Amino acid sequence: MRPSVVIILAAGEGTRMKSGTPKVLHSIAGRSLINHVVEAAATTEPDHLVVVVGHGASAVTAHLEEVAPWVTTVEQTERNGTGHAVRIALSALSNAGVSLSQGPVVVLTGDTPLLTGETLQLMLDSHESYSAQATILTTELSDPFGYGRIIRRGSEVVGIIEEKDATPEQKLICEINSGMYAFSAASIIESIDQIDSRNAQGEEYLTDVIGFIHSAGGTVTGVITPDSNDILGINDRVQLAQAGAIMRDRINENHMRAGVTIADPASTWIDVDVDIASDVTLLPQTVLRGPTSIETGAEVGPGTTLISCEVGAHAVVRHTWGELAVIGSGASVGPFTYLRAGTEIGAEGKAGAFVEIKNSQMGVGSKVPHLSYVGDAHIGDHTNIGAGTVFVNYDGVNKHTTEVGSGVRIGSDNMLVAPVTIGDGAYTAAGSVITDNVPPGAMAVGRANQRNIEGWVPRKRPGTVSAEAAERAGASTSAASDTVSPEPSPLDSDQN
Ligand code: UD1
Ligand code: MG
């Protein structure tokens, strides 16, 4: 049974969060609290979804326009209670000419992110099978303090009594109101105007409609939720963390059942929008955020955070922080690697230890194995960047691009001063500062020639361990003319 409308109440202040951010905009698993509820509601395919906003209304509305533009918001300027909130939502719908005759009216709260579509469906199925006028989602708590209690006569629900209005006997009831309901449209429209605020809190209680519907001869049933976490409301940061941990466990369990190995689920945090293929292995302390995707056979972690990254099949990513990066299939990243936005590592490529890469695209099999910074570069296929190389992309004002061809061997400890182009198959000597373009196939040497001053140590540092060692090795002590080494040896670049 599809609801004609879902109303989500989210106008409350959330004082106990002690936050400048409206409560429902706090997030777990990469999604705001309100959007978790919206997504659960969306699975029931309502004709309309209305969120009642109040505290932080403009921020909540702007957020919903971004993440769920199909949702309507209605502002409740004074928080006169849950009944008042539903009443203004219903009148906004009626003012907009919406007819609610087709399906039930569902009411939810915006701070219960663990609610699932399945649980909502259970409530709707029960509502339909009993032809009920009102169906309440309930649960049994060993400590029901603070919640509205479900008053039953036999199996029939006759009313809900709030904690502050309850008698000592009523306070002993452990079945509580989750604040989530399905109503027949006619019953809620008829009873919502009967609510007053003659109660301990001076508020218009939505819960009062249950008694009205029952008294008018309507059928009211309660459905006990299979998992009491589904209705866990977030009021403070402690509950936010508890809900986050429960959601983490649920998400991890789903991935494990779908064939993902998670070595340490307690330290593995995966956002709701992450996509992981079967036979992926996640090692401890892995955090996958945003719309990250990981293809089959890849191994990620330990100690890795990937935000909106793509990891190809059979890639290995260890101790890495990656953001908006694409890692090709069979590539190897880490340990201790920082991949920034716009990084693309080709298939079978490598970014090794203490390497930072930004806005750079590398071709198939190209490697930056050690201690390097690569920024604003295009690198061809099967190119090797020697240890300790820096792509000097910033002149203090502007960023410039470096083009490195295919089959290139950049020697260790190079500075590639952009803008500069290294042609296909070229080599650069270790320790070079490359400021001019290098033609394909050339060897570029950009460093001072070496001088050896023979006998300097025994003469200038006599009696030191160095001088003694030199003398044992037969070093001359006489002043000799400087010798200049011949041809610079081409490379000491590391090809591993
Ligand atoms: C409400 C229920 C209680 C139930 C509990 C479950 C009533 C009278 N009581 O109590 O039976 O056990 O939820 O958590 O409904 N809100 C508005 N506008 C308002 C007041 C509230 O939008 O004027 C929203 C709040 O933001 C919140 C929800 O409605 O999302 C519930 O309001 P809250 O004040 O938390 O009600 P409770 O006292 O917890
Ligand atoms: Mg509450």
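Look up: the structure comes first, before these words.
All figures in this text were calculated on a predicted structure; none of them were measured in a lab.

1. What about helix α1 (residues 33–42)?
Burial within α1 is extensive, with 8 of its 10 residues counted as buried. Among the residues of α1, Leu33, Ile34, Asn35, His36, Val37, Val38, Ala40 and Ala41 are the ones counted as buried.

2. Describing the pattern of salt bridges
Across all of its chains, the model carries 14 salt bridges by this definition. Notably, a salt bridge pairs Arg149 with Glu163, separated by 2.7 Å at the nearest N-O pair. Highlighted residues: Arg149 in strand β8 (residues 149–153) and Glu163 in the loop between β9 (156–161) and α5 (168–171), separated in sequence by 14 residues. The residues Arg149 and Glu163 share a single accessibility class, namely buried. The salt bridge partner of Glu299 is Arg318, with a shortest N-O separation of 3.1 Å. Within this pair, whereas Glu299 is found in strand β18 (residues 299–300), its partner Arg318 is found in the loop between β21 (316–317) and β22 (320–323), the two being separated by 19 residues in sequence. Among the residues examined, Glu299 registers a relative accessible area of 27% and is labelled partly exposed. A residue is classified by how much of its surface remains accessible, and Arg318, at 29% relative accessible area, is partly exposed. Each of Asp227, Asp230 and Arg250 takes part in one network of salt bridges that share partners.

3. Some words on the environment of Val326
Topologically, Val326 is positioned in strand β23 (residues 326–327). The class of Val326 is partly exposed, set by a relative accessible area of 28%. Those residues in contact with Val326 that lie beyond four places of it in its chain are Glu310, Thr343, Glu344 and Ile345.

4. Re the packing of aromatic side chains
The way to describe two aromatic rings as a pair is by their centre distance and the angle between their planes. In the structure shown here, the tally under the stated rule is 2 aromatic pairs. Centroid distance Tyr181 to Phe183: 5.3 Å. Interplanar angle 25 degrees. Geometry classified as stacked. Classification of Tyr181 by relative accessible area gives buried; the value is 4%. Geometrically, the ring pair formed by Phe336 and Phe354 is stacked, given 5.5 Å between the ring centres and 15 degrees between the ring planes. With a gap of 18 residues between them, Phe336 in the loop between β24 (332–333) and β25 (337–339) and Phe354 in the loop between β27 (350–353) and β28 (355–358) connect regions that are remote in the sequence. The class of Phe336 is partly exposed, set by a relative accessible area of 44%. Taking relative accessible area as the criterion, Phe354 reaches 52% and is therefore assigned exposed. Positioned above the aromatic ring of Trp269, the side-chain terminus of Arg248 is 4.6 Å from the ring centre. The lysine or arginine in question, Lys399, covers the ring of Tyr394, its NZ or CZ lying 5.1 Å from the ring centre.

5. Details of the side chain of Asn252
Positionally, Asn252 belongs in helix α8 (residues 237–257). On the basis of relative accessible area, Asn252 is assigned to the buried category, the value being 1%. Of note is the side chain of Asn252, whose polar atom sits 3.0 Å from the backbone oxygen of Thr268. When neighbours within four sequence positions are excluded, Asn252 is seen to be in contact with Ile262, Pro265, Thr268 and Ile270.

6. Some remarks on α8
Its 21 residues place the ends of α8 30 Å apart at the C-alpha level, agreeing with the 30 Å of an ideal helix rising 1.5 Å per residue. Taken as a whole, α8 has its buried residues at Gln239, Leu240, Ala243, Gly244, Met247, Arg248, Ile251, Asn252 and His255. The inward-facing, buried residues of α8 abut β2 (27–28), α1, β12 (261–262), β13 (269–270) and β14 (275–276). Here α8 starts with a cap whose side-chain oxygen sits 3.1 Å from the backbone nitrogen of Val238, and that cap is Asp236. Within two residues after α8, Gly259 carries a phi angle of roughly 100 degrees, on the positive side.

Reading guide: rules and limits
- Residues numbered from 1 in each chain as written.
- Chains lettered and ligands numbered in written order.
- Predicted model: local features only at pLDDT ≥ 70, side-chain atom pairs only at ≥ 80, totals over all residues.
- Heavy atoms only, no water.
- Buried < 20%, exposed > 50% of the residue type's maximum accessible area, 1.4 Å probe, protein only.
- Helix = DSSP H or I, 4+ residues; strand = E, 2+ residues; numbered from the N terminus.
- Salt bridge = Lys/Arg side-chain N within 4 Å of Asp/Glu carboxyl O.
- Contact = heavy atoms within 4.5 Å.
- Phe/Tyr/Trp six-rings, centres within 6.5 Å; stacked < 30°, edge-to-face > 60°.
- Lys NZ or Arg CZ within 6 Å of the ring centre and 35° of its normal.
- Polar contact = N/O pair within 3.5 Å; in protein donor to acceptor, adjacent residues only side chain to side chain.
- Expected span 1.5 Å × (residues − 1).

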